[in-house]
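A structural walkthrough
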Amino acid sequence: MMSQTNSNSNASASTGLTKSSSQKKSSKWVRLNVGGTYFVTTTDTLSKYPASFLHKLSNEQNDLDSDKDETGAYMIDREPSYFAPILNFLRHGKLVIDRNICEEGVLEEAEFYNIAELVSVVKNRIRDRDHIVTAGKPTKHVFRVIQCLEDELTHTISSIADGWKFEQLISVSSPYTYSSGDQAEFLCVVSKEINNTLNGAHLERSSSAKILQL
């Protein structure tokens, strides 16, 4: 009776080992040549999202026309620095990006590889980043002065760029008229509220007005 029990236990253990070995064999190592940089991973990692390009690439029966280099690595003509965060996301489900890597670049690659889950994660990261940059920073008023002649006044005011607000019109002409051709000169003061992060904001320059910044 005891001998039969031991026999059954050994058979179960043997079956478990066989299944485990079979599962390990089902995942193969894959070598990728991404823009000249090599990455080594497994088919299980690449197959995490069935709709992705990498899942199709790792499938031996795929219909992709993918070339291999002399080492047998799949050749992918993409930026390797952006691929590393994507591969790590496939490995452990977390987005880790070095400080010198632009999130927008990772987003572009996530969309190329058609990894919808990662696209959503990167978009949230970008939104949070932009919110942190602008949150808590006070706005400031930037004033600019447009110098124009009397016959340019209407056009100048109507062509003020979006976001700029008309503040004041100042006449700088001499009270004395020396000829009928003399025109009055004006300074048109405009203002705009901008965030401190928006460097280089400018008023569109028209061909008939000279812009002076206070």
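All values reported here derive from a predicted model rather than from experimental measurement.

On average, residues of the protein score 76 in pLDDT, and 67% of them reach the 70 mark or higher. Within the protein, strand β2 (residues 37-42) carries the highest mean pLDDT (96), whereas strand β7 (residues 210-213) carries the lowest (42). Throughout residues 17-25 the model reports pLDDT below 50, and contacts reaching past four residues in sequence, or to other chains, amount to zero contacts. Note on residues 198-214: pLDDT under 50 across the span, and 32 contacts to partners over four residues away in sequence or across chains.

Let's shift gears to the sheet that holds strand β3 (residues 74-76). One open sheet holds the three strands; their spatial order is β2-β1-β3, and the pairing between them is mixed. Taken across any chain shown, the strands that pair with only one partner, and hence form the sheet edges, are β2 and β3. Across the sheet, the axes of successive neighbouring strands diverge by a mean angle of 30°, strand direction being ignored. As defined by bridge partners, strand β1 (residues 29-34) adjoins β3 across three bridges and the pair is classed as parallel. The partner of N33 across the bridge, within β3, is M75. Helix α4 (residues 80-92) contacts β1 and β2 of the sheet and is inclined by roughly 10° relative to β2.

Right, let's talk about the nonpolar core for a bit. Counting 27 residues, the largest nonpolar core has L32, L54, F83, Y113, I115 and L118 as its most contacted members. Sorting the residues of this core by element identifies β1, α3 (53-58), β3, α4, α5 (103-112) and α6 (116-134) as the ones contributing at least two each. In terms of residues, this core owes the most to one element, α4, which gives five residues. Counting residues in hydrophobic clusters, the runner-up holds seven residues, among them I146, I160, W164 and C188.

Conventions we followed
Residues numbered from 1 in each chain as written. Predicted model: local features only at pLDDT ≥ 70, side-chain atom pairs only at ≥ 80, totals over all residues. Heavy atoms only, no water. pLDDT = per-residue confidence, 0-100. Helix = DSSP H or I, 4+ residues; strand = E, 2+ residues; numbered from the N terminus. Contact = heavy atoms within 4.5 Å. Pairing = 2+ DSSP bridges. Axes fitted to C-alpha atoms, helices over the stretch in contact; angles between N-to-C directions. Core = buried A, V, L, I, M, F, W, Y, C linked by side-chain atoms within 4.5 Å. Buried < 20%, exposed > 50% of the residue type's maximum accessible area, 1.4 Å probe, protein only.

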